[in-house]
Structures are given as C-alpha cells and as structure tokens.
Amino acid sequence: MTVQGRGSGSGTDVLIRKVDSHLATLRTGLHGPELELAEDLARCLRELVVATAHSSAADRGLVRAAVHYFVLRRESRGKLLPVRSLAAAQRVVNKAVRQLGRPDLLVETPRRERSAPDPALR
C-alpha cells in the first residue's frame, strides 16, 4: 500500500479562490476606504495561505480560520446576529498574522481621504 503525502496545491487553491470570490462580491458594493481595507485583507490572506502551505497543521488551520472568518459573513437577523464588519475581520486576520510571526503582513486601517483645508479659513 502506497501512502502519498498531502499535496498543498488543492487546499491552497480552494482557500485563495474563496478569498478572490468574496473580494469580487465586495467590490460590487464597497467604495473608498472600505474597499481598500477589503483588498488589503484579501492580499494578506492570499500571502498567508501560500506561506503556510507546507507549515504545521496548526498554522494552516489558523490561516484557514482567518479566511473563513473573512469570507463567511453572517446575514443580519436584527440585533441577534449582526453582520461581521471588515474591522472585525481585520482584527482576526491581524491576530493570525501576529501568531504566525509575520508582522510585515499586518493590515492597517486605511486613512480616509481628507479634503484640503480651505485656505480662506486660515
């Protein structure tokens, strides 16, 4: 009986497809800083998926959980189950990034575009 090693390709591809599919959906309804945050989260998650493809099961599970948290947004049912915000997903992703020792991948909150101050008010 031959035992084959678990390939990283299919699991990695599935997670990346989930992230890309969810991002495509978000692009239809988000704009400005929210869209920028969603794109940053997706970029970070893609990189984590690839970086942990050959890591321990615990590390891969941590990344898989972060991907699922980003992708699986609950539908709102009044005050009982609020829709998860991108800020909540950001906290989960950043926690995973810190646990994996990759502070270079931390997702920062995008700065809102600020209009230039009116010179007449100076």
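Everything here concerns the structure above.
Residues numbered from 1 in each chain as written. Predicted model: local features only at pLDDT ≥ 70, side-chain atom pairs only at ≥ 80, totals over all residues. Heavy atoms only, no water.

**Let's talk about the nonpolar core**
- In terms of nonpolar packing, the biggest core is built from 28 residues, with L41, V67, F70, L86 and V93 touching the most fellow members.
- Put simply, the parts of the chain that give this core at least two residues each are helix 1 (8–27), helix 2 (32–51), helix 3 (57–71) and helix 4 (86–99).
- For this core, the element with the most residues is helix 2, which contributes 9 residues.
- Setting aside its immediate chain neighbours within four residues, V93 contacts L41, C44, L45, A66 and V107. (Core = buried A, V, L, I, M, F, W, Y, C linked by side-chain atoms within 4.5 Å. Buried < 20%, exposed > 50% of the residue type's maximum accessible area, 1.4 Å probe, protein only. Helix = DSSP H or I, 4+ residues; strand = E, 2+ residues; numbered from the N terminus. Contact = heavy atoms within 4.5 Å.)

**Section: helix 3**
- Relative to the 21 Å expected for 15 residues at 1.5 Å per residue, helix 3 spans 21 Å between its end C-alpha atoms, a close match to the ideal helical length.
- Of all the residues in helix 3, the buried ones are V63, A66, V67, F70 and V71. All buried residues of helix 3 project into a common sector of 130 degrees when viewed along the axis, lining one side. Opposite the buried face of helix 3, at more than 90 degrees from it, the exposed residues are A57 and A58. (Expected span 1.5 Å × (residues − 1). Arc of directions from axis to C-beta.)

**Here we look at the packing of helix 2 against helix 3**
- One can describe the packing of helix 2 onto helix 3 by two numbers: an axis separation of 10 Å at closest approach and a directional angle of 155 degrees. As judged from the angle between their axes, helix 2 and helix 3 are roughly antiparallel. Two packed elements cross with a definite hand, and for helix 2 against helix 3 that hand is left-handed. For the pair helix 2 and helix 3, the contacting residues are A38, L41, A42, L45, L48 and V49 in the first and V63, A66, V67 and F70 in the second.
- Of the residues assigned to the contact of helix 2 with helix 3, the class counts are 10 nonpolar, no polar and no charged. (Axes fitted to C-alpha atoms, helices over the stretch in contact; angles between N-to-C directions. Parallel < 35°, antiparallel > 145°, perpendicular 65-115°, else oblique. Left-handed = near helix turned anticlockwise from the far one by under 90°. Nonpolar A, V, L, I, M, F, W, Y, C, P; charged D, E, K, R; others polar.)

**A short note on the pattern of salt bridges**
- All told, the structure shown has 4 salt bridges when counted by the stated rule.
- R102 is paired through a salt bridge with E47; the nearest N and O atoms lie 3.4 Å apart. Of this pair, R102 sits in the segment after helix 4 while E47 sits in helix 2, and the two are 55 residues apart along the sequence.
- What you see here is one network of salt bridges that share partners, running through E47, R102 and D104. (Salt bridge = Lys/Arg side-chain N within 4 Å of Asp/Glu carboxyl O.)

**Some thoughts on helix 4**
- Its 14 residues give helix 4 an end-to-end C-alpha distance of 20 Å, which sits within 8% of 20 Å, the value for a rise of 1.5 Å per residue.
- What helix 4 keeps buried is the set L86, A88, A89, Q90, V93, N94, A96 and V97.
- One or two positions beyond helix 4, positive phi appears at G101, with a value near 70 degrees.

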